[in-house]
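The primary structure of each chain is shown beneath.
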Amino acid sequence: MAGLVPLETGFASPEPRGGRLTCREADWAGLRVVVVGLGVSGFAAADALLEQQARVTVLEGKEPEPGTQLAERARLLGILGAELVTGEAAAGWFATGDHAVAACTKALDEQGAEVVVTSPGLRPSTPLLEAARRAGIPVWSEVELAWRMRPSQGAAPWLCVTGTNGKTTVVRMLTAMLEAGGERAVAAGNVGTPIMEAILDPTRFGAIAVELSSFQLHHTWTVSPEASCVLNIAADHVDWHGSIEAYAGDKGRIHHNAQVAAVYNVQDEVTRTLVEQADVVEGCRAVGFGLGTPGLSELGLVEDVLADRAFVDDRQNSAAELGTLEDLTRDGVAPAPHLVANALAAAALARAHGVQPAAIRAGLRAFRADPHRMETVLVADGITWVDDSKATNPHAAAAALTASDRIVWVAGGDLKGAEVDELVAAVADRLQAVVLLGKDARVIAEAVARHAPEVPVDHIEHTDPRRAVTDAVTAATARAAAGDMVLLAPAAASIDMFSNYGERGDLFAQEVRRLHGGQDDGPDRADG
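Everything numeric here is computed off the predicted structure, so don't read it as measured data. (Residues numbered from 1 in each chain as written. Predicted model: local features only at pLDDT ≥ 70, side-chain atom pairs only at ≥ 80, totals over all residues. Heavy atoms only, no water.)

Visitor: Describe the state of the cysteines, with residues and values.
Guide: Throughout the structure, instances matching the rule amount to zero disulfides. Distance from the sulfur of Cys160, which forms no disulfide, to the nearest cysteine sulfur (Cys229) is 11 Å. Classification of Cys160 by relative accessible area gives buried; the value is 1%. Lacking any disulfide linkage, Cys284 is separated from the closest cysteine sulfur, that of Cys160, by 12 Å. Given a relative accessible area of 15%, Cys284 falls into the buried group. (Disulfide = S-S within 2.5 Å. Buried < 20%, exposed > 50% of the residue type's maximum accessible area, 1.4 Å probe, protein only.)

Shown next as structure tokens:
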């Protein structure tokens, strides 16, 4: 990576012309705000602003169809007093081309817009956002707005997580640890509860575990987390950000104004650099996590023990035991290395909040991953079938493929231009067979031929989702032997054949259970 792209305007707080708006008690009345999108985040932002008596215009490129969720949101916001511009009427706001910026500038001026609250899906180069920047109109994410809507007294601290892979798992683990420590906690942001709903909840939370995407962070300015973490950086969303350096730079914004700890991955040099370049609150510490023996101000592994040398009084000579690998074992399957790393990252954030070691362990034991994240489907004839359909890029698949020394790999989909040679070369000695389906199956097959030519490859030709998955499971059954793990870790997006990664994982699990469900010889699932 050549170097992180500096922020275009630094972290100077972008305030509307009417004055500073830094808490819920500020004077929001009459503020003219353009909210982009009627999705979950856009609706929550518009609703909160209307409650504060702001004047809100909501832009939605689609025309809400009667009976849909979009139409219901539009109806509710209309009742509350929002001006709704949808479908063809909104087309000018989302236009592209030579004159689009000028047209958007004129539209913003006619609205008297003082703030634009943007959707995470809208690229920074979009003419509407470019017009706002040129006109000096602040562009905020819903996350930025939520931070400014916190009460001036008694607001819950935020523990913020980002990274290319593992964000949701870490936030879920962190929430379990906080709850085990006696806090009323919630997972919010890019997972769970919309962040705006969390901060407006009338019953105060003790802490909020916030998952943030690079899209959200790009337009986030004044958030000051109690602790922050970048888990890892791999090539992703480069088309949105413009370059991998800009993508990493947006991830690094999460550390801005961190108060207690800025957490990084000791095995990912870019995450360390992001901490070194961050403008944190005086006294905030850099805390590392990794799978080796922890150094000073680090969390790591000592044999099978998760150990903390960052948040103990005498970290020169001692460490706190936070749990063991057994606490992360599910269905008799030991945790994959990336899951252990995620647990250490979550523990670092929880410890920064003051959670005690016993509660960390209790949280690890209580944690259950979201579906399609290294989820054991069943164990039959000594073969373990695992659904990691959420591994939608090579970096995520690489982490999953370290879970066993003997793997029949089910992969393929839309690589979106990602390279897989490095991935295949790294795991070649683990592969017993490869079963490929989807748009870029041949790209992966060619990489296997280059780096693991002795590994047999089955290429599923069917494009019908159910038929393709049925054939893939049948092929994997023929290749697998006792002691193997059959792992669905596609390394690619699902959009070529499936509605989403969840459908892909569900079909895989259904077919595995249909063929082998009567023979499950694994332990009962702890969560029923």
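Visitor: Please set out the pairing of strand S18 (residues 431-436) residue by residue, giving values where relevant.
Guide: In terms of burial, S18 is a largely internal element, five of the six residues being buried. In this sheet, S18 lies alongside strand S17 (residues 407-411) in parallel orientation, the contact comprising five bridges. Its bridge partner being in S18, Ile407 is matched across the sheet by Leu431. Bridge analysis of S18 against strand S19 (residues 457-459) gives three bridges, and the strand direction is parallel. Residue Val434 lies in a different strand from S19, and its bridge partner there is Val457. Between S18 and its parallel partner S19, the chain crosses via helix H16 (residues 441-451), and the hand of that crossover is right-handed. (Helix = DSSP H or I, 4+ residues; strand = E, 2+ residues; numbered from the N terminus. Pairing = 2+ DSSP bridges. Right-handed = clockwise from strand over helix to strand, strands pointing away.)

Visitor: So what's going on with the sheet that holds strand S13 (residues 305-308)? Which residues, and what values?
Guide: As a general point, the strands of a sheet are linked pairwise by backbone hydrogen bonds and lie either parallel or antiparallel. The strand order S7-S8-S6-S9-S10-S11-S12-S13-S14 describes an open sheet built from nine strands, whose pairing is mixed. Edge positions in the sheet fall to strand S7 (185-189) and strand S14 (320-324), since each of these pairs with one other strand and no more. Here the strands of the sheet are splayed against their neighbours by 20° on average, with no regard to which way each runs. Note that strand S6 (residues 158-162) and strand S9 (residues 227-230) share four bridges and pair parallel. Across the sheet, the residue bridging to Val161 is Cys229, located in S9. Most of the contacts of helix H13 (residues 357-366) go to S14, to which it runs at about 10°, and overall it touches S13 and S14. (Axes fitted to C-alpha atoms, helices over the stretch in contact; angles between N-to-C directions. Contact = heavy atoms within 4.5 Å.)

Visitor: Please give an account of the UniProt feature "binding site: ATP" (unreviewed entry) in the protein that cites residues and values.
Guide: Per the UniProt entry, the sites bearing "binding site: ATP" (unreviewed entry) are Gly163, Thr164, Asn165, Gly166, Lys167, Thr168 and Thr169 in this numbering. Relative to the assigned elements, Gly163 resides in the loop between S6 and helix H6 (167-180). A residue is classified by how much of its surface remains accessible, and Gly163, at 0% relative accessible area, is buried. Not counting the four nearest positions on each side in its chain, Gly163 is found in contact with Leu231, Asn232 and Lys251. With respect to the helices and strands, Thr169 occurs in helix H6. According to the relative accessible area criterion, Thr169 is buried, its value standing at 10%. Here Thr169 is in contact with Leu339, Asn342, Phe367 and Arg373, once residues within four sequence places are set aside. (UniProt positions renumbered as here; feature names shortened; annotations may be inferred.)

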